[in-house]
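As a plain string of letters, each chain reads:
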Amino acid sequence: MDLLALADFNLVARHGGFGKAAREAGRPKATLSRRVAELEASLDMRLFERGARSLKLTEEGRALFERTGLLLTELEETATAIASGGRTVRGRLRISAPVFFSQTVMGKLAAGFALRYPEVRLEITAEDRAVDMIEEAYDLVIRVNPQPDANLVGRIFLRDRSVVVASPSLPPPGDGKPVPAVTREATKQIEAWPVMSPSGPSTVLAKSILSLSSLLMIRDAVRMGVGAARLPLSLVSPDLDAGTLVHWGDVQGPEIALWALYPTRRLLGARVSAFLDYLREAFPRGTPDELAAYVGN
């Protein structure tokens, strides 16, 4: 099999079309089209369904792309490492990270990494959806409490926990009456929030009066005294220390664990390894207080 033709096929598949692939690579569109056609002829199969305005991988094309894309990337990384004597970390590094973590941490974290490794083209996308790392060509994803996936491997680099907080002006829960609450999802139902308070386990009955999609917005609303909320400890630690918010209890349930994940079928490249090391350096203990201090600096 012609590896150069295979590389051109992967280029077109990754960018979703000959035109975009040609612009990204600075190559003639006609050349890419011819090379892919030659690969299809040599394999005796169609790799793309060609429409008037669209290009879509066939089932066979998708299988070939998924199985060869990572191998070609590893070959390129190996050649680059050998050419540089293994001393320089360079090339593109694509990362997907949760929106809240991106808003509070990734700007500072990415800037520090870029300053240390100026030859790495770091690209970070803030999104909460479960991305397809192989098809979307991500090198690393950061996720909160991800579901087990046999195709991914990784490590926890930060831990947090949820707490129920409110403004000091809001009367604490008592007598089984529901308290006003700020939530991420609108609901007409009264929710029971099991918490562990200094006096022992208890339940906060919460009635949502305000629904906001962002944890930062929820924190700001709670500061105004409109209601109580469940929020990450790292986000509200400064307010608890300053007394602008009060702690009603720790939410009982699983901890908040942030994972850095990468494909099991791919060798740990120099860029991914460097970013994982940088995460470990930024959060050596991986505690909520450490995260709060990093955000606050």
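What comes next concerns the included structure. These figures come from a predicted structure and were not determined experimentally. (Residues numbered from 1 in each chain as written. Predicted model: local features only at pLDDT ≥ 70, side-chain atom pairs only at ≥ 80, totals over all residues. Heavy atoms only, no water.)

In terms of helices and strands, the chain carries 9 helices and 13 strands. If one aligns the C-alpha atoms of the chain with their principal axes, the spans along those axes are about 75 × 45 × 30 Å. Burial analysis of the chain (297 residues in total) assigns 43% to the buried set. Summed over its atoms, the accessible surface of the chain is roughly 16100 Å², and 53% of this surface lies on carbon and sulfur atoms. On the chain, the mean spot of the 37 positive side-chain charges and the mean spot of the 35 negative ones are 3 Å from each other. (Helix = DSSP H or I, 4+ residues; strand = E, 2+ residues; numbered from the N terminus. Buried < 20%, exposed > 50% of the residue type's maximum accessible area, 1.4 Å probe, protein only. Areas by Shrake-Rupley, 256 points an atom, 1.4 Å probe, with all protein chains shown as cover. Lys, Arg positive; Asp, Glu negative; His and termini not counted. Charge placed at Lys NZ, Arg CZ, Asp CG, Glu CD.)

The next thing to look at is the side chain of Ser 197. Positionally, Ser 197 belongs in strand 9 (residues 190–197). For Ser 197, a relative accessible area of 13% gives the class buried. One polar contact links the side chain of Ser 197 to the main-chain carbonyl oxygen of Gly 200, over a distance of 2.8 Å. Excluding anything up to four places from it in sequence, Ser 197 contacts Ser 202, Trp 248 and Gly 249. (Polar contact = N/O pair within 3.5 Å; in protein donor to acceptor, adjacent residues only side chain to side chain. Contact = heavy atoms within 4.5 Å.)

So, on to the pattern of salt bridges. Taken as a whole and assessed by the stated rule, the structure comprises 20 salt bridges. The partner of Arg 35 in a salt bridge is Asp 8, and the shortest N-O contact between them spans 3.7 Å. Here Arg 35 is found in helix 3 (residues 29–43), whereas its partner Asp 8 is found in helix 1 (residues 3–15), with 27 residues between them in sequence. On the accessibility criterion, Arg 35 (13% relative accessible area) is buried. Where Arg 116 meets Glu 281, a salt bridge forms, and the shortest distance between an N and an O atom there is 2.8 Å. One end of the pair, Arg 116, is in helix 5 (residues 99–116); the other, Glu 281, is in helix 8 (residues 270–282), with 165 residues separating them in the sequence. (Salt bridge = Lys/Arg side-chain N within 4 Å of Asp/Glu carboxyl O.)

The next point concerns the nonpolar core. Counting 29 residues, the largest nonpolar core has Phe 101, Leu 109, Phe 157, Phe 275 and Phe 283 as its most contacted members. Elements with a minimum of two residues in this core: strand 3 (91–97), helix 5, strand 5 (140–144), strand 6 (152–160), strand 13 (256–263), helix 8 and helix 9 (288–296). The greatest single-element share of this core, amounting to 7 residues, is contributed by helix 8. Formed by 18 residues, the second largest nonpolar core is a distinct cluster that contains Ala 5, Ala 22, Leu 39 and Phe 65. (Core = buried A, V, L, I, M, F, W, Y, C linked by side-chain atoms within 4.5 Å.)

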